[in-house]
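For reference, the chains in residue letters:
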Protein chains: 4
Amino acid sequence: MRAVVIHAPKDLRIDNFPDPAPGRGEVRVKIAAGGICGSDLHYYHHGGFGTVRIQQPMALGHEIAGVIAAVGEGVSHLAPGMRVAVNPSRPCGVCIHCSEGLHNQCLDMRFMGSAMRMPHVQGGFREHVTVDASQTIPIAEGLSLAEAAMAEPLSVCLHAAKQAGPLMGRRVLVTGCGPIGALMVVMSRYAGAAEIVVTDVAEAPLTVARKLGATHAFNVANDPFALDAWRAGKGVFDVLFEASGNQAALRAALDLMRPGGVIVQLGLGSEMTLPINTIVAKELQLRGTFRFDSEFELALRLMGEGLIDVKPLISASLPFDNAVAAFELASDRSKSMKVQLTF
Amino acid sequence: MRAVVIHAPKDLRIDNFPDPAPGRGEVRVKIAAGGICGSDLHYYHHGGFGTVRIQQPMALGHEIAGVIAAVGEGVSHLAPGMRVAVNPSRPCGVCIHCSEGLHNQCLDMRFMGSAMRMPHVQGGFREHVTVDASQTIPIAEGLSLAEAAMAEPLSVCLHAAKQAGPLMGRRVLVTGCGPIGALMVVMSRYAGAAEIVVTDVAEAPLTVARKLGATHAFNVANDPFALDAWRAGKGVFDVLFEASGNQAALRAALDLMRPGGVIVQLGLGSEMTLPINTIVAKELQLRGTFRFDSEFELALRLMGEGLIDVKPLISASLPFDNAVAAFELASDRSKSMKVQLTF
Amino acid sequence: MRAVVIHAPKDLRIDNFPDPAPGRGEVRVKIAAGGICGSDLHYYHHGGFGTVRIQQPMALGHEIAGVIAAVGEGVSHLAPGMRVAVNPSRPCGVCIHCSEGLHNQCLDMRFMGSAMRMPHVQGGFREHVTVDASQTIPIAEGLSLAEAAMAEPLSVCLHAAKQAGPLMGRRVLVTGCGPIGALMVVMSRYAGAAEIVVTDVAEAPLTVARKLGATHAFNVANDPFALDAWRAGKGVFDVLFEASGNQAALRAALDLMRPGGVIVQLGLGSEMTLPINTIVAKELQLRGTFRFDSEFELALRLMGEGLIDVKPLISASLPFDNAVAAFELASDRSKSMKVQLTF
Amino acid sequence: MRAVVIHAPKDLRIDNFPDPAPGRGEVRVKIAAGGICGSDLHYYHHGGFGTVRIQQPMALGHEIAGVIAAVGEGVSHLAPGMRVAVNPSRPCGVCIHCSEGLHNQCLDMRFMGSAMRMPHVQGGFREHVTVDASQTIPIAEGLSLAEAAMAEPLSVCLHAAKQAGPLMGRRVLVTGCGPIGALMVVMSRYAGAAEIVVTDVAEAPLTVARKLGATHAFNVANDPFALDAWRAGKGVFDVLFEASGNQAALRAALDLMRPGGVIVQLGLGSEMTLPINTIVAKELQLRGTFRFDSEFELALRLMGEGLIDVKPLISASLPFDNAVAAFELASDRSKSMKVQLTF
């Protein structure tokens, strides 16, 4: 079997890869679609992010869906031919955080396509993956495998939305409109926000944001005063989803938040210098959000019932042996939102 | 009447000051005790902090208590001779934030001894103040006026404690043990924290912290590894009260917080550079806290019933005409915790 | 001017009524539409509910909208001809609960068409009402006055939804599908519920519920086992909106709630006998919800921007001098959902 | 080995009982002290409560502590001679509620001395118990085994306190002052309540409540108007801990709660008839609380560090072969608070 493997920055190869038969409690899934995530791009361009660096060749990919090809012993609720999304997250289930119900904070997490542990946990950009049966979730009939492969980023955004508290009737600002920012628009609309304002420094994603239900979408590179109307009093946004990882975006937004407003930080951005007195004086809350937990099944349920539609985000699908072209396309924000590989 | 007036950095004078008779709904209070706050010291040493700067002579002081000397028309529940604490905060009561119950975020706040608005609101280091009757709260018989003058910083700390959510059974870290940090120790103990660890870079305040109920108090200037025992797993503190305003203290504490932990930032510190990825990956919450609201009456009630004892914090009392000496003493952390003026 | 006035149970008359010119800060509104609420029906059929009883003739009605006819002195932001919804709630603004931001709990509330205080506050089923300018909210161009008159019950439901905490991704049960239950379906869909199950004992409202977005709508009079699928484990609903005021509905629902589930009680129902051990053992939360506060403006904003559509609920409009027929129609659940009077 | 076994109402015997050697991962504990709980008394007097009934002989007791007598294979962190409290709760760890971190709601719970499942899980009033090693928690040096046996009811009360949200500065009412009500006084004091009012219909427990820190303790059988001072406005208590299971106590308290107040129901009371309109109109929250989870270790830690003192509650200790006398004494509220058996 072949896989999309990162060896070093800009050294992405299609390699042969072992293809183990499913053991007890496992299933083998023939992958159909795999979305390229921002972290995949970080591995591709820079070999990692922050302190996380590739130290050995690693198959990328953790937004995947496909068809069950074989089931191991003891797996009775799944069968070959079933269409499933693959949950890339595999917490240990017994550490202190798992026991508290915070599985995304597991002390012994195995997350596909992540270089956080050694040896790295191999990713899902492969013709087949063999995973624990609990990691495969059957999908609704009307849902395509391309949509199912969006379950992972949608889960991340459902989790982020929960960090913000109730969104119903709230004024929401989303800074940065890559796939995660765009999904936060979808989420905010779904959860009943009264107003959703989106900013970016590129035009193309803002056009997508408007289609997804943003009340306003501004290119702040062209119009730095676009948000002045939201500066009234001490500021009016109840919630900020910061999805750019850009210090300037976060700093500018602080002045637009109402007292007690909640900032959910999704974008990774290493060091940021912040005016701490603004956070203190307005009693703002800056909250981190990391991956997801039970939201994976919820994401599939909401898409399966037609309550959330992610199709407008999927901007291109390329064959996996064209991975380098796909990664370059995914890196060009003027041309793409979410790029998927097909297998 | 005389007042302690700041004219410029290091230019603190005892000036003559107008002494108006109380109008309708007002009372005149003969001040007995006034505590020197960190912001008073900022005006004294630097002429202000951040963008807040003295632009005209201003009487300092907002931690004051005294005896009612005269009452204006229409004030029936107060009478001369009553011992009262003076609430320096006077929100407008009608702006959007007042209407929501967030009076400390009032858009038209008049806060005594603050240069935030022009003309500045004159402070309470005076022989008499004339204020709205609603700003004076009678105190319990057993409470001294020196203790009553602690109601303001205690209110700040009650408000900060609320930002943290329930403290019962929690592991609490307090970084910075000036008067505010020390009161956070008192608060954390009062609210049922299971463990309270305090850090500072000076010995004297740590000795006070131990007396106030800290489980451990460490001089991290001398022993940078003092907190390594709390680094287990992803870190173990549930709550941090950051009262130093020092970037290094906050950064070091991030690694000691458990996932989902809450950081309440009390210390003002202008710009701080933070590892945003740590906040994201551990889903930490950084919350600002600013002044107080209904906590002022609660502070007096808790002290009045003997549930909270602030006496160990009052390290010196000097006559107000000795203000410069008092301000210098208050600036020397090796010799003082809370310094009060007497009138 | 004429008004719809209740004198005694079943004694509803069209009476002449004083029509004062607007005083300082007031406006006179020519009423266009007025919705009949369950409490109006209680006054009509029983002379009141619980301990609240009509003790003098009272104009009914508190779901009203119209056009400004005249403005008093000092009102600059409103002008004759403006289309407005009238907020029937007028809290005092200064009592302890108003000061805390809980205006719906005002100790000196004046609520139109309520017999709670003596003399009663006259209601809005009149050709004109003269109210405080702050009680009239201009409406969006595309919004009809009939829809604007739905702002009040929608506010009640927005407030109730807030009591439940975040609804995004939750499984919601709504028991009782009168106008309030039906609006809770609208709200739950708007706020992102994953599943909405509705029960009633009549067919007609269930048909409306399905149109409004209910996942399932069951007539539990015909099929007492309809909800058995939700009984799995300890029960699966996260949230119950109890809008029937019927003890049997609430009791039956307790077994369907997941541990820690939240029950928001909207329906008034005097005494109810409950299996308290079920509430204890499953750690359920039964929360009351009462009227609304700032949700009134939010309701108008959400309808005005087309985010919430209440038109499917308005089942009939009758001229106000036909009030008795309208009240009888509104009492027949097989024929009506929300009945409005026109003026 | 001998055990205290209930056979039928009023038929409590000292029976011979099997004494298995500890298997892999288990330990045998020589029991030293065992507290008699209200549920033990229910089994003794009535054979159970609600739908839970003894269907086979069952050793009672779930408040136990002792000394490790033997450890099974694979247990390395415990050794004979260690003093431990025994956690009677053994959740499955894998069901949906365990996975969410709600172990007290486990679908397959094994709780010692409970007739909820068949065959019943045998209780801990025995000379020895053999349990999973994870159920034994070593205790601090200064803590007696009698105090350690209080860890279970203290855990129940820590869990109940959490249901109430922050108690710091709150006004708390406790209705019913048996051992659980008395511990809620301890908890409320520990967690920083500003005022704690306790009611009961017997004098003896009220005397204990006063010693434990209650601000006021009233015998409402003698003085039905005792609480009238707390009836001001709409009522003033922020939190009610209802520990009597008595409908009259709960009903009376509803009028004393402030709007939005929280009622935590601890007392089991089968059916209760409540004025639902009061709950609705004041937006009260009635929350159930059931057993405990991680609070067991916290209880031991707080007692071990001297932060919570339960000694004043232990009113008598009798040898276990005198169990009938001990149960009768525990049933007499005029003579006892917590009665323990010694082994």
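Quantities reported herein were computed from a predicted structural model and do not represent experimental measurements.

Definitions and cut-offs
- Residues numbered from 1 in each chain as written.
- Chains lettered and ligands numbered in written order.
- Predicted model: local features only at pLDDT ≥ 70, side-chain atom pairs only at ≥ 80, totals over all residues.
- Heavy atoms only, no water.
- Pairing = 2+ DSSP bridges.
- Helix = DSSP H or I, 4+ residues; strand = E, 2+ residues; numbered from the N terminus.
- Contact = heavy atoms within 4.5 Å.
- Buried area = accessible area lost by both parts, 1.4 Å probe.
- Salt bridge = Lys/Arg side-chain N within 4 Å of Asp/Glu carboxyl O.
- Nonpolar A, V, L, I, M, F, W, Y, C, P; charged D, E, K, R; others polar.
- Least-squares fit on C-alpha atoms with pLDDT ≥ 70 in both.
- Buried < 20%, exposed > 50% of the residue type's maximum accessible area, 1.4 Å probe, protein only.
- Polar contact = N/O pair within 3.5 Å; in protein donor to acceptor, adjacent residues only side chain to side chain.
- Expected span 1.5 Å × (residues − 1).
- Axes fitted to C-alpha atoms, helices over the stretch in contact; angles between N-to-C directions.
- Parallel < 35°, antiparallel > 145°, perpendicular 65-115°, else oblique.
- Phe/Tyr/Trp six-rings, centres within 6.5 Å; stacked < 30°, edge-to-face > 60°.
- Lys NZ or Arg CZ within 6 Å of the ring centre and 35° of its normal.
- Left-handed = near helix turned anticlockwise from the far one by under 90°.

(A) Spatial organisation of the sheet that holds strand E6 (residues 58-59) of chain A. Residues and elements named next belong to chain A. Taken together, three strands build an open sheet; the order of strands is E2-E1-E6 and the sheet is antiparallel. Each end of this open sheet is capped by a strand with a single partner; those strands are strand E2 (11-16) and E6. Here two bridges tie strand E1 (residues 2-8) to E6, and the two strands are oriented antiparallel to one another. Paired with Ile6 across the two strands is Met58, which belongs to E6.

(B) Structural view of the interface of chain D and chain B. Taken residue by residue, the interface counts 20 residues in chain D and 20 residues in chain B. Across the interface of chain D and chain B, roughly 1500 Å² is buried in total on both sides, 64% from carbon and sulfur atoms. Ranking the residues of chain D by area buried against chain B places Met168, Tyr190 and Arg301 of chain D at the top, with a combined share of 36%. Across the chain D-chain B interface, the total number found is zero salt bridges. Elements with a minimum of two residues in the side of chain D that touches chain B: helix H4 (151-163), helix H5 (179-190) and helix H9 (295-304) of chain D. Across the side of chain D that touches chain B, the residue classes break down as 12 nonpolar, three polar and five charged.

(C) Region of interest: the relation of the copies chain B and chain A. Relative to chain A, chain B is turned by 180 degrees and slid 0.0 Å along the rotation axis, the superposed coordinates differing by an RMSD of 0.0 Å. Such a combination of rotation and displacement between the chain copies is what one expects of a two-fold axis. Distance from the rotation axis, computed per C-alpha, reaches its smallest value in chain B at Thr273 of chain B: 2.0 Å. Both copies share a contact surface, since 100% of the interface residues of chain B are interface residues in chain A too.

(D) Representation of the sheet that holds strand E2 (residues 11-16) of chain C within the structure. Residue and element names in this part refer to chain C. Read from one edge to the other, the open sheet built from three strands follows the order E2-E1-E6, with strand pairing classed as antiparallel. Every interior strand has two partners, whereas the edge strands, E2 and strand E6 (58-59), have only one. Taken together, the six bridges between strand E1 (residues 2-8) and E2 define a ladder with antiparallel strand orientation. Opposite Ala3, over in E2, you have Asp15 as the bridge partner.

(E) Molecular detail of the environment of Glu305 of chain C. Residues and elements named next belong to chain C. In this structure, Glu305 sits in the loop between helix H9 (295-304) and strand E20 (314-319). On the accessibility criterion, Glu305 (44% relative accessible area) is partly exposed. A C-alpha to C-alpha distance of 9.8 Å links Glu305 and Glu141, two positions 164 residues apart in sequence.

(F) Quick peek at the interface of chain B and chain A. Contacts between the two partners involve 36 residues from chain B and, on the opposite side, 36 residues from chain A. Buried surface at the junction of chain B and chain A, both sides included, amounts to about 3200 Å², of which 54% is carbon and sulfur. On the chain B side of the interface with chain A, the three residues burying the most area are Ile276, Val280 and Glu283 of chain B, jointly 20% of the side's total. Counting across the chain B and chain A interface gives two salt bridges. A salt bridge links Arg251 of chain A to Glu271 of chain B; the shortest N-O distance between them is 2.6 Å. Scanning the region where chain B abuts chain A turns up 26 residue pairs in polar contact (both at pLDDT 80 or more). Of all the secondary-structure elements, those providing two or more residues to the side of chain B that touches chain A are helix H4 (151-163), strand E17 (257-265), strand E18 (271-275), helix H8 (276-281) and strand E19 (285-288) of chain B. Considering only residue class, the side of chain B that touches chain A consists of 15 nonpolar, 15 polar and six charged.

(G) Molecular detail of helix H9 (residues 295-304) of chain B. Residues and elements named next belong to chain B. Burial analysis of H9 places seven of its 10 residues in the buried class, the great majority of the element. Elements in contact with the buried residues of H9: strand E8 (83-86), strand E12 (136-138), helix H3 (145-148), H4 and helix H5 (179-190). Just beyond H9, the residue with positive phi is Gly306, at close to 75 degrees.

(H) Structural context of the side chain of Asn219 of chain A. All names here are of chain A. Here Asn219 is to be found in strand E15 (residues 216-219). Assessed through its relative accessible area of 10%, Asn219 is described here as buried. Only 2.9 Å separates the side chain of Asn219 from the backbone nitrogen of Ala221, close enough to count as a polar contact. Once residues within four sequence positions are removed from consideration, Asn219 is found in contact with Asp200, Val201, Ala202, Glu203 and Leu206.

(I) Focus on the pattern of salt bridges. By the definition in use, this model includes 64 salt bridges over all chains. In this structure, the salt-bridge partner of Lys335 of chain A is Asp332 of chain A, at a minimum N-O distance of 3.6 Å. For Asp11 of chain C, the salt bridge is made with Arg13 of chain C, and the minimal N-O distance between the two is 2.8 Å. Owing to a relative accessible area of 23%, Asp11 of chain C belongs among the partly exposed residues under this scheme. One network of salt bridges, with partners in common, ties together Glu147, Asp309 and Lys311 of chain A.

(J) H4 of chain B, seen in detail. Residues and elements named next belong to chain B. Relative to the 18 Å expected for 13 residues at 1.5 Å per residue, H4 spans 18 Å between its end C-alpha atoms, a close match to the ideal helical length. Burial within H4 is extensive, with 12 of its 13 residues counted as buried. Taken together, the buried positions of H4 are Ala151, Glu152, Pro153, Leu154, Ser155, Val156, Cys157, Leu158, His159, Ala160, Ala161 and Gln163. In the stretch just after H4, Gly165 is the one whose phi turns positive, near 75 degrees.

(K) Fine view of unusual backbone geometry. All names here are of chain B. The peptide bond linking Met118 to Pro119 adopts the cis configuration, its omega dihedral lying at -10 degrees. Within the secondary structure, Pro119 is located in the loop between strand E10 (110-111) and strand E11 (128-132). Unusually for a residue other than glycine, Glu283 sits at a positive phi of about 55 degrees. With respect to the secondary-structure elements, Glu283 resides in the loop between H8 and E19. Although it is not a glycine, Arg291 sits at a positive phi angle of roughly 50 degrees. Of note, Arg291 is situated in the loop between E19 and H9.

(L) Layout of the packing of helix H1 (residues 38-46) of chain B against helix H10 (residues 323-330) of chain B. Residue and element names in this part refer to chain B. Running from amino to carboxyl end, H1 crosses H10 at an angle of 110 degrees, the nearest separation of the two axes being 10 Å. Judged by the angle between their axes, H1 and H10 are roughly perpendicular. Where H1 approaches H10, its residues Asp40, Leu41, Tyr44 and His45 are matched on the opposing element by Val324, Phe327, Glu328 and Ala330. When the residues that make up the contact of H1 with H10 are grouped by side-chain class, the tally is five nonpolar, one polar and two charged.

(M) Focus on the pairing of strand E11 (residues 128-132) of chain A. All names here are of chain A. In terms of burial, E11 is largely enclosed, as four of its five residues are buried. As paired elements, strand E3 (residues 26-35) and E11 share five bridges and run antiparallel to each other. The partner of Arg28 across the bridge, within E11, is Thr130.

(N) Representation of the packing of aromatic side chains in the model. Following the criterion strictly, the structure yields 36 aromatic pairs over all chains and no others. A network of ring pairs unites the aromatic residues Tyr44, Phe125, Phe320, Phe327 and Phe343 of chain A as a single cluster. The ring of Phe111 of chain B carries the charged tip of Arg291 of chain B above its face, separated from the ring centre by 3.9 Å.

(O) Molecular detail of the packing of H4 of chain B against H5 of chain B. Residues and elements named next belong to chain B. The geometry of H4 relative to H5 is characterised by a closest axis approach of 9 Å and an angle of 60 degrees between their N-to-C directions. With respect to their mutual orientation, H4 and H5 come out oblique. For the crossing formed where H4 meets H5, the hand is right-handed. From H4, Pro153, Leu154, Val156, Cys157, Leu158, Ala160 and Ala161 reach across to H5, where they touch Ile180, Leu183, Met184 and Met187. In the contact of H4 with H5, the residues fall into 11 nonpolar, no polar and no charged.

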